[in-house]
Amino acid sequence: MESLVFAMVQEPSATASVAEQARSLLGAHLTGHGVTIMVTEVEAYAGPDDPASHAYTRTARSEIMYGPPGRLYVYRIHGHHCANVVVAGPGPAAAVLLRAGAVTEGTEVARARRGATRSGPVPDSRLAAGPGNLCRALGITMTDLGTDLADPTTPVTLTPAVAGTTGPIVAGPRVGVRRNADVEWRFWIDGQPSVSAYRRHPRAGR
DNA sequence: CCTCCGATGTGCT
DNA sequence: GCACATCGGAGGC
């Protein structure tokens, strides 16, 4: 409650709908290279007014977020890939990070891509748990950067959710961000086993 | 050039 | 809860 007021004061109405668009992606179906997931966890990132966003500074890497919505923004971090949907915010360069999903098709392919950890095989419910693992399960790499997600002929496509079919949606602070660490722009479907545990950035303020 | 540092994942104490 | 592998982007010099 208090944090919501804080967010509204900090972020004027220009970015409020970025969070709404992130919420609306929950329950959508994303297909990547033969594997389909239902999206269970997302995070909203705004543009130049959101220091946690890559679009906070406009560079060659973040340029795609200043372009048309519905395209895929892929970046690498710590040797992993992360996938975002560029959305049309009231402000420029809004995007939604796809953090987790439940595999609904292509489970065998996803298992093969994930392989086994030292402690054993990855449970099917966690094949696309976490943004890096989601990309691995779906075979998303930098070659998919800029894909038009509405074009059914591409290897990566997004099918919108039917509103009101996901069950309860929960919100909290974004995982692992140092700046704007208290803005509650992570959204997930309550009870889904693919959803990440919250980890605060070690050097986040407060 | 060179340094810093993550929108991470995994394993271990 | 904590350490660390890992690597490219971004910015400083």
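For the structure given in this document, a descriptive report is provided here. Just so it is clear, the structure is predicted and the values come from calculations on it, not from any experiment.

## Describing the overall build of chain A
- Secondary structure assignment for chain A yields four helices and eleven strands.
- Against the globule reference of 17 Å for 206 residues, chain A gives a C-alpha radius of gyration of 16 Å, in line with a compact fold.
- When the backbone C-alpha atoms are referred to their principal axes, chain A occupies close to 45 × 35 × 35 Å.
- Within the structure as shown, chain A displays about 10,100 Å² of accessible surface, and the carbon and sulfur contribution to it stands at 56%.
- Treating the 20 positive side-chain charges of chain A as one cloud and the 17 negative ones as another, the clouds have centres 9 Å apart.

## Here's the deal with the pairing of strand β3 (residues 72–77)
- Bridge count for β3 against strand β4 (residues 80–87) is six bridges, and the pairing is antiparallel. Bridging across to β4, I77 finds its partner in H80.

## Brief notes about the protein's contact with DNA strand C
- Every residue lining DNA strand C is accounted for by T57, T59, R61, R76 and H78.
- In the environment of DNA strand C, a phosphate oxygen lies 2.6 Å from a nitrogen or oxygen atom belonging to the side chain of T59.
- At 2.8 Å, a side-chain N or O of R61 approaches a phosphate oxygen of DNA strand C.
- Each residue belonging to the surface near DNA strand C can be placed in one class, and the counts come to no nonpolar, three polar and two charged.

## Some details on the state of the cysteines
- Per the stated rule, a full pass over the model turns up zero disulfides.
- With no disulfide of its own, C135 lies 6.0 Å from the sulfur of C82, the closest cysteine sulfur.

## Focus: the packing of aromatic side chains
- For the structure on display, the rule yields one aromatic pair.
- Here the basic side chain of R58 rests over the ring of Y66, its NZ or CZ set 4.1 Å away from the ring centre.
- The ring of Y45 carries the charged tip of R174 above its face, separated from the ring centre by 4.6 Å.

## A look at unusual backbone geometry
- For H78, which is not glycine, the phi torsion reads 50° and is therefore positive.
- You can see H78 is positioned in the loop between β3 and β4.
- Residue H78 is classed as exposed on the basis of its relative accessible area of 74%.
- Phi is positive for N180, close to 55°, though the residue is something other than glycine.
- As for its placement among the helices and strands, N180 is situated in the loop between β10 (169–172) and β11 (186–189).
- For N180, a relative accessible area of 16% corresponds to the buried category.

## Quick look at the protein's contact with DNA strand B
- Among the 26 residues in the neighbourhood of DNA strand B, the closest are listed as Y75, N84, G132, H201 and R203.
- Sugar plus phosphate: this is where 57% of the atoms of DNA strand B within 4 Å of the protein reside.
- Residue Y45 places a side-chain N or O atom 3.3 Å away from a sugar or linking oxygen belonging to DNA strand B.
- Contact between DNA strand B and G132: a phosphate oxygen at 2.6 Å from a main-chain N or O atom of the residue.
- Those elements that provide at least two residues to the surface near DNA strand B are β3, β4, β5 (94–105) and α4 (131–138).
- The element best represented in the surface near DNA strand B is α4, accounting for four residues.
- Each residue belonging to the surface near DNA strand B can be placed in one class, and the counts come to eight nonpolar, twelve polar and six charged.

Definitions and cut-offs
Residues numbered from 1 in each chain as written. Chains lettered and ligands numbered in written order. Predicted model: local features only at pLDDT ≥ 70, side-chain atom pairs only at ≥ 80, totals over all residues. Heavy atoms only, no water. Helix = DSSP H or I, 4+ residues; strand = E, 2+ residues; numbered from the N terminus. Rg over C-alpha atoms; globule rule 2.2 N^0.38 Å. Areas by Shrake-Rupley, 256 points an atom, 1.4 Å probe, with all protein chains shown as cover. Lys, Arg positive; Asp, Glu negative; His and termini not counted. Charge placed at Lys NZ, Arg CZ, Asp CG, Glu CD. Pairing = 2+ DSSP bridges. Near = heavy atom within 4 Å. Polar contact = N/O pair within 3.5 Å; in protein donor to acceptor, adjacent residues only side chain to side chain. Nonpolar A, V, L, I, M, F, W, Y, C, P; charged D, E, K, R; others polar. Disulfide = S-S within 2.5 Å. Phe/Tyr/Trp six-rings, centres within 6.5 Å; stacked < 30°, edge-to-face > 60°. Lys NZ or Arg CZ within 6 Å of the ring centre and 35° of its normal. Buried < 20%, exposed > 50% of the residue type's maximum accessible area, 1.4 Å probe, protein only.

The analysis is restricted to geometry; functional conclusions fall outside its scope.
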